Amino acid sequence: MAKGFDIPVLPTYLEIPELKEGIMDGEGPFKSVQEFQNPLGFPGEKVDNWQQVAIDKMGELKSKYRSVQVFLDSCVKCGACTDKCHYFLGSSDPKNMPVARQDLFRSVYRRHFTFAGKYFPKLVGAKELDDDMLDDWYNYFHQCSQCRRCSVFCPYGIDTAEISMAAREVMDAVGIGQKYCNQILGKALTIGNNLGLPEPALRDTLLDLEEEIEEETGGVAVKYPLDQKGAEILLITPSADFFAEPHIDGLIGYGKVFHQDGVSWTLSSYASEGANFGMFIGSYDVMRKAALRIRKAALDLEVSRVMVGECGHAWRVAYSFWNTLTGVGAGATDEFAQKLQDQLDHRYPQPQHIIEYTHDLIQRGKLSFDKSANDDRTVTFHDSCNVARATNMGGIPGGQFILPRDVIKAVCNNYVDMERSTIKEATFCCGGGGGLLTDDLMEIRVKGAMPRMQALKAVAKDNGVNTLAAICAICKSQFSKVLPKFDFDPYMIVSVHQLVSEAIIMDKPQIAVKKDQPQTNTDDVTLAETAET
Amino acid sequence: MSVISIFFTALFYISLIVFLVGMARKIYQFWITPAPLKIPTAPTPLTQTGVVMRMMREVVLFESLFKSNKWIWLFGWLFHFGLLLVLIRHIRYFWPDDLPDIFLLTQPFKYAAFAMVIGLVGLMLRRIFVERIRYISAPSDYLMLIMLLIIGVSGAVMTFTSNHTDIIMVKEFASGLVSFNWANLPTEVHFLVHIFLVFVLMAIFPISKLLHVPGIFFSPTLNQVDDARLKRHISPWALKQEQEHATRLEQTLGKDE
C-alpha cells in the first residue's frame, strides 16, 4: 500500500507506549478472490448470510479445539499480556494488545455462546458480529504474527495465535480470505512450493547453484540432487532458499554439510516447500493437504529420513504437527503412514531439523571449520518465534535455543546474545510472520519490528554486532526489508548455514588425481560422481 | 425460623446447586473438547513429570505472571493466597461438632484477610489507573473486584473490630446448612452482606471469568507434554476424518498436475 507512515524511532530502553486508539485502523491486507478461495474449499466472496455462517463456524471451532474453548472462557483481563506484543509496542494501537485482539473474537463468543453475554451483554462486554466488527477482525487479526509471545506470559497460557487462527478460519468460511496466504497455498498445493517454481525452473536453479559453488570452492562438486529416488535424506526447505539472498546462502551451506558427511540426499520437485501456510489461516484440512504432499514425496522417493531446512513455522508444523497430520514420525494407522513408518530409519528423530543434523556432525567431529573466515563478523542470533516457542531440537530441554547457538559458536569466533528478555522463549518476533509478509502490510511489519530492532541496536552499539543470524525464511525476508528502515545494513541478516558455509573446510576433490590416471574420460566422470554422492 | 433465615438457607442451596451443576457442565465441556494439535508453549517440559511440575508452579506460584509483571503478580498472589487461608479457616463454621485440635493451627489465618484485601485494592487500582488495563476492562471486571472487596472487608470488620457477629449463631447456621439441621442466622448487616455476596459469587462462578480456576488445568499450552515426534497425538474428529478421506486424498495428490 502506498500509504505513508512514520518509521518508529528506536528508543534506548523499550517503554510501554501510551495508547493511540485507532492508529492502526484500516482495511487490512488485500482480500482474496474467487480463484484463490475456491480451490481451498472457501467461498469466493462474502456469502449473503455471512453472520449466521460465521457464528455457526465459531460454534464448530470451539467444539473442535479445546484451546479455543478454554482460552475464550478463562481470561480474567489481568493485563499481563498487554505490553508483550511487538505490534502493540511498535504501533501503540490498543487493539494490538493480545487480550484486546482476542476480545474482538471473545466479545462475539460471549454474545452468542454464554449466558452472561446473551442476557447482560453490556455488563460483560459482549458484542454483535456486525460489519464494523468484521472489519476489525480482518484488520487486526492480520496484525498478529501468531508468534505466541503473549502465551509465555499469560498465567493461563492463553495463546492469541489460536484465536487469531480461529478468526481467520471463520473469515475464510464466510468468503473473506486474505490474498497473500490463500494465493500462496494455491501454488503450494498445485505446483509444490509457495513461489510457484515448476520442476524445470527448480532444476535449472539447482544446476546453476552447483556450478556457482564449484567455481567458488575451486572445484568441489557439491551436488543438489532433485527427485533422486533412493536417497537417504529428503530435504524439505522453504522455497525462498532456491531463490534469493540471504536464503540461498543457507542452501549452499546445507549442500556443503551434506557433501562433507557424504550422505545421499535429495530435494523433491513435487514437495519442494517446507512452509505450510495452512497453519496461518488456521485450517487443519489445508494444513494436512500440504503435509500429505511431503509424505507422498517421501514415499515416492523411498527416503529413510525426512529433514527440514531453516524455516520457522515449517519446523513447527513438521515437528509438532506432521506426526498428527500424516504420521511422519511415530505412526499413524492408515496404509501410507504405515508404509512410511517401515521405510523411515527410526534411529533418527523424524522429522529432523537441519540444525540438529549439522550439530550432531559437529559433535562427532565430522566437520572442520576455519572460524577465522567469519572473523569480520560479530554475530547475534534471532530466535525465530515458532522455533523458539513451539518446538524442540535435540531432545533436550531448551534444545531449540542451545543447538543453533552451538552451531554458530562452532563456526564463528565472535558471538553475542541480545538482551535476555528479548531472546529464547521471550524472543521478539521479526514482525513478518503469520502470513503478514506482504507489501500491503508494510506499515505493521515495520512497526512490529521495532522491539527486535531496539534490542539489535543495543548489541550493535555496545558489542559491535554486525551480523544477525536466523533460521527462518520469513525472518530473513522480513529483516532484509526492514533493517534499512532502521538504518541497519540489509545484508547483515544471514542464515545460520551461511555462517557454516563460510567457515567449513571442504575436502579437496579427488578429480585432479583421477584425471591423471590412464582411464577414459567418461569413466572418470562416473567415478568422480560416485565418489561425491 | 425467621423469614430472613429461610431466605438465606434457600439461597445457599440454590447457589450451591447452580455452582455444582454449572461447574460440572463446564468441566465436562472442557474435558470432551479435543485438542487436535500439540501446542505446548516454551519453556516446554519433555516429560509428564515435567508437566506436573510446571502446572504446580503455575497454580501455586503463578510463575508466568511473575515473569510477566511483578505488580500484577504481587497483588494477584496476595489476594489468592490470602483467600485460600481465609477459606481454610472458614471450615470451622461448617464443622458440625466440636472442632478438632488441628483447627487451632488455622486461627492465625484470619490475618490473611489483610493480604486478600491489599491484593484486591492493588488490582483495583491498577485497573483504574493503568491506561491499558482500564482499556481492556469491562464493567463485570470491576464488579467482580468490588464484590470480593466487600466480602473481604465485611469479613475483616466482623473479625477485627467491635462489630462482632454472634459466632455461635454463625456456627449453628453454617453447620446446619451442611447437616440439614437448619437454624436461624445472625442478622447484623455486615454478616448478611458478607454471605449474600459469597452466595452470589458461588452462583455466577460457572458463567463468569472465575472459570479461570478449572480453565488453567485444561490449557493445552500448559498441560501438554512436548513429545510430538515420539508419540502420535490425534483427536477423535481428526482420526475419523483421516479414515474417511486419507486414501482418497492420497489418490488426489498422486495425480500429475
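Here is what the cut-offs are and how they apply
- Residues numbered from 1 in each chain as written.
- Chains lettered and ligands numbered in written order.
- Predicted model: local features only at pLDDT ≥ 70, side-chain atom pairs only at ≥ 80, totals over all residues.
- Heavy atoms only, no water.
- Helix = DSSP H or I, 4+ residues; strand = E, 2+ residues; numbered from the N terminus.
- Rg over C-alpha atoms; globule rule 2.2 N^0.38 Å.
- Buried < 20%, exposed > 50% of the residue type's maximum accessible area, 1.4 Å probe, protein only.
- Contact = heavy atoms within 4.5 Å.
- Areas by Shrake-Rupley, 256 points an atom, 1.4 Å probe, with all protein chains shown as cover.
- pLDDT = per-residue confidence, 0-100.
- Buried area = accessible area lost by both parts, 1.4 Å probe.
- Salt bridge = Lys/Arg side-chain N within 4 Å of Asp/Glu carboxyl O.
- Nonpolar A, V, L, I, M, F, W, Y, C, P; charged D, E, K, R; others polar.
- Pairing = 2+ DSSP bridges.
- Axes fitted to C-alpha atoms, helices over the stretch in contact; angles between N-to-C directions.
- Patch = residues over 30% accessible without salt bridge, like charges linked within 9 Å, V, L, I, M, F, W, Y side chains within 5 Å.
- Lys, Arg positive; Asp, Glu negative; His and termini not counted.
- Charge placed at Lys NZ, Arg CZ, Asp CG, Glu CD.
- Core = buried A, V, L, I, M, F, W, Y, C linked by side-chain atoms within 4.5 Å.

Caption draft 1: Representation of the overall build of chain B. Assigned secondary structure in chain B consists of twelve helices and zero strands. Ordered by position from N to C terminus, the α and β elements of chain B give α-α-α-α-α-α-α-α-α-α-α-α. Against the 2.2 N^0.38 benchmark of 18 Å for 257 residues, chain B shows a C-alpha radius of gyration of 24 Å, more extended than a compact globule. Per-residue burial for chain B yields a buried fraction of 49% across its 257 residues. Here the analysis covers contacts within chain B between residues at least 6 apart in sequence; of these, 70% occur between residues at least 24 apart. Carbon and sulfur atoms make up 73% of the accessible area of chain B, which amounts to about 13,200 Å² in all.

Caption draft 2: Representation of the confidence of the model for chain B in the model. On average, residues of chain B carry a pLDDT of 93, and 95% of them reach 70 or more. Here the predicted complex carries an ipTM of 0.94, next to a pTM of 0.93.

Caption draft 3: Region of the structure containing the interface of chain B and chain A. Counting from both sides, the interface comprises 64 residues of chain B and, opposite them, 97 residues of chain A. For the pairing of chain B and chain A, the buried interface totals around 6,400 Å² over both sides, and the portion due to carbon and sulfur atoms is 58%. Run the count over chain B and chain A and you get three salt bridges. Between Arg 229 of chain B and Glu 356 of chain A there is a salt bridge, with the nearest N and O atoms lying 2.8 Å from each other. Looking at the side of chain B that touches chain A, the elements that each hand over two or more residues are helix H1 (3–32), helix H3 (63–68), helix H6 (131–135), helix H7 (139–160), helix H10 (212–218), helix H11 (220–223) and helix H12 (236–254) of chain B. Ranked by residue count, the leading element in the side of chain B that touches chain A is H12 of chain B, at ten residues. For the side of chain B that touches chain A, the per-class residue count stands at 33 nonpolar, 15 polar and 16 charged.

Caption draft 4: Quick look at the sheet that holds strand E3 (residues 305–308) of chain A. All names here are of chain A. Read from one edge to the other, the open sheet built from four strands follows the order E2-E1-E3-E4, with strand pairing classed as parallel. Both outer strands of the open sheet, strand E2 (265–266) and strand E4 (352–353), are each paired with one neighbouring strand and no more. As paired elements, strand E1 (residues 233–236) and E2 share two bridges and run parallel to each other. When the bridges of E2 are listed, Leu 234 appears paired with Thr 266. Relative to E1, helix H13 (residues 247–261) is tilted by about 170°, and along the sheet it contacts E1, E2 and E3.

Caption draft 5: Looking closely at the sheet that holds strand E5 (residues 379–382) of chain A. Residue and element names in this part refer to chain A. Ordered by their spatial adjacency, three strands build an open sheet running E5-E6-E7, and the pairing between neighbours is parallel. The sheet is open, and its two edges are formed by E5 and strand E7 (493–495), each paired on a single side. Sheet twist, expressed as the average angle between the axes of neighbouring strands with direction ignored, equals 35°. Of the pairings in the sheet, the one linking E5 to strand E6 (residues 467–470) comprises four bridges and is parallel in character. Within E6, the position partnered with His 382 by the bridge is Ala 470.

Caption draft 6: Summary view of a negative patch on the surface. Residues and elements named next belong to chain A. A cluster of acidic side chains, namely Asp 204, Asp 208, Glu 211, Glu 212, Glu 214, Glu 215 and Glu 245, defines a negative patch on the protein surface. Among the secondary structure elements, Glu 214 is positioned in helix H12 (residues 199–216). In this structure Glu 214 comes out as partly exposed when scored by relative accessible area, which is 34%.

Caption draft 7: Inspection of the pairing of E3 of chain A at higher detail. Residues and elements named next belong to chain A. Neither face of E3 is exposed, since Arg 305 and Met 307 on one face and Val 306 and Val 308 on the opposite face are all buried. One ladder, built from four bridges, connects E1 with E3; its direction is parallel. Bridging across to E3, Leu 234 finds its partner in Val 306. In this structure, E3 lies alongside E4, joined through two bridges in parallel fashion. In the strand pairing of E4, Met 307 is matched with Gln 352.

Caption draft 8: How the structure looks around the nonpolar core. Membership of the largest hydrophobic core comes to 184 residues, with the highest contact counts inside it found for Phe 105, Trp 137, Phe 258, Trp 322, Met 453 and Leu 456 of chain A. What Met 453 of chain A contacts, discounting residues up to four positions off in sequence, is Leu 10, Phe 479, Val 482, Leu 483, Phe 486 and Phe 488 of chain A. With 25 residues, the next largest nonpolar core counts Trp 73, Phe 79, Leu 120 and Leu 149 of chain B among its residues.

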